[in-house]
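# Architecture at a glance
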Amino acid sequence: MKHTPSRRALIGGGTAALTLVTAAFAAASTHVGPSADLIAAAKKEGKLNTIALPPDWANYGEIMSTFQKKFGLKITNANPDGSSAEENQAIVSLKGQDRAPDVVDDGPAFAIQGASQGLFVPYKVSTWSTIPASMKDASGKWVGDYWGVVSFGVNTKLVKDVPHTWADLLKPEYKNMIALNGDPRTSGSALAGVFAAALGNGGSVSNVEPGISFFAKLKSSGNLLAVDATPATIASGQTPITIDWDYLQLSYKAEAKKQGVDWQVVIPSTGRYGAFYAQAINANGPNPNAAKLWEEFLYSDEGQLLFLKGGTHPARFADLSKRGAIPASLLKNLPPASSYTNVTFANDSQQTAAKAKVAAEWATKVSGT
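Residues numbered from 1 in each chain as written. Predicted model: local features only at pLDDT ≥ 70, side-chain atom pairs only at ≥ 80, totals over all residues. Heavy atoms only, no water.

### Describing the nonpolar core
Note the following rule: The definition of a nonpolar core used throughout is a set of buried Ala, Val, Leu, Ile, Met, Phe, Trp, Tyr and Cys residues joined through side-chain atoms within 4.5 Å. The classification of residues rests on relative accessible area computed with a 1.4 Å probe and restricted to protein chains. Under 20% of the type maximum is buried, over 50% is exposed, and intermediate values are partly exposed. Note on contacts: a residue pair is in contact if any heavy atoms of the two residues lie within 4.5 Å.
If you look at the biggest cluster of nonpolar residues, it comprises 98 residues, and the most contacted ones within it are Tyr60, Trp166, Phe215, Trp245, Tyr273 and Trp294. Excluding anything up to four places from it in sequence, Trp294 contacts Leu48, Thr50, Leu53, Tyr60, Ile63, Met64, Phe67, Ile75, Val103 and Gln279. Listed in part, the eight residues of the second largest apolar core include Leu305, Leu308, Phe317 and Leu320.

This is the structure we're talking about:
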């Protein structure tokens, strides 16, 4: 479980349908790849320090394994269940140490915050021109790697009436059943849940108060669990309904099936919120060349398709689609395209404002701590 979660005409002015994503590319793709000098320099360093990358999140397990085999570098992945806040803090607290993270995969608000604090060094991968301008910091301090939509995951063996709207979640039959993926004060995925609940309850990406109020109602009704959703809690039946990214729910579905759990993934009919996570390189990381090579791999066709295999929409999805580079078998694993219409995204200022609002009100209105 990664407590950090795809922000602007992918998030732009605050709202955008999925169809706008495919129109966001202004330049034809040029696939140069990493230079021989960069590969040699990275191999000389011999290792890469990542942080907060659960193997079952966005297919990071296969991504890390493939990278290590391809380039012969050893990855040390610290605190795999950590939050975006913890990722950024590790850059600060471990500065100058060999175990400091070389790269981070932050939720949007935390990527923006880290860039403003000078934690990241600018870097533009060779496929930079095929990434929508709306998904990257113009100077290269961070760049979106994949995006998803907030969804409901439902254990249909324990939940007979599957919820399809935010209002459904308030039904008494869901007492002690609903869980978020973390605390929205530190978790990007949980904060996305607040955004989505706001959209489903008369709010907007500029006004998340209705989302906070919604979770206060869930808590007072007894429906909201004080437990973070994880693959383990899903498999055990402890969290029969979860609010989380669609790509995580899809990965849970495959694992849950092995445990005899029928896990259904539902993108709500109202209040559809999407956001992307962002890669950034530690400005003082111990392995700067390995960090750059990691970024080159993630934004190559191979890396982007591995993200897609994990149920996410990779940043270069439109470019890959345009060139016919996406195997049909990968597309079949995603929810129907109709589920991704009328998706709303938040821009930088809306992310920052929502983060501050939740930080100020969550304890008194929802968690009690």
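### Section: unusual backbone geometry
Let me state the cut-off plainly: Secondary structure elements follow DSSP: runs of H or I no shorter than four residues count as helices, runs of E no shorter than two count as strands, and numbering proceeds from the N terminus.
Positive phi, close to 45 degrees, is recorded for Asn79, a residue that is not glycine. You can see Asn79 is positioned in the loop between β2 (74-78) and α4 (84-93). Of the residues examined, Asn79 reaches a relative accessible area of 39% and is grouped as partly exposed. Of note, Asn176 is a non-glycine position whose phi angle comes to about 60 degrees, a positive value. The topology assignment puts Asn176 in the loop between β5 (143-155) and β6 (178-180).

### Re the pattern of salt bridges
Put simply, the rule reads: Criterion for a salt bridge: a side-chain nitrogen of Lys or Arg within 4 Å of a carboxyl oxygen of Asp or Glu.
Overall, the coordinates contain 14 salt bridges when judged by the stated rule. The salt bridge involving Lys171 is made with Asp168; its shortest N-O contact spans 3.8 Å. The class for Asp168 is buried, based on a relative accessible area of 17%. Glu361 is the partner of Lys357 in a salt bridge, and the nearest nitrogen-oxygen pair spans 2.8 Å. Here Lys357 and its partner Glu361 are both found in helix α14 (residues 348-367), four residues apart, which amounts to about one turn of the helix. For Lys357, a relative accessible area of 33% puts it in the partly exposed group. When its relative accessible area of 13% is taken as the criterion, Glu361 is described as buried. If you follow the salt bridges from partner to partner, you end up with Glu209, Lys357, Glu361 and Lys365 in one network.

### Brief notes about the packing of aromatic side chains
Test applied: Any Phe, Tyr or Trp ring, taking Trp's six-membered ring, that has another such ring centre within 6.5 Å forms a pair; planes under 30 degrees apart are called stacked, those over 60 apart edge-to-face, and the others tilted.
For the structure on display, the rule yields 21 aromatic pairs. The interplanar angle of 90 degrees and the centroid separation of 5.5 Å between the aromatic rings of Trp57 and Tyr277 together place this pair among those described as edge-to-face. You can see Trp57 sitting in the loop between β1 (47-51) and α3 (60-71) and its partner Tyr277 sitting in strand β9 (residues 274-282), a full 220 residues away along the chain. When its relative accessible area of 1% is taken as the criterion, Trp57 is described as buried. A relative accessible area of 0% places Tyr277 in the buried class. An angle of 40 degrees between the planes, with centres 6.1 Å apart, marks the rings of Trp142 and Phe276 as tilted. In this pair, Trp142 is assigned in the loop between β4 (120-121) and β5 and Phe276 in strand β9, connecting sequence segments 134 residues apart. The exposure class of Trp142 is buried, given its relative accessible area of 2%. An aromatic cluster is present here, built from Trp57, Tyr60, Tyr146, Trp245, Tyr247, Tyr277 and Phe307 joined pairwise through their rings.

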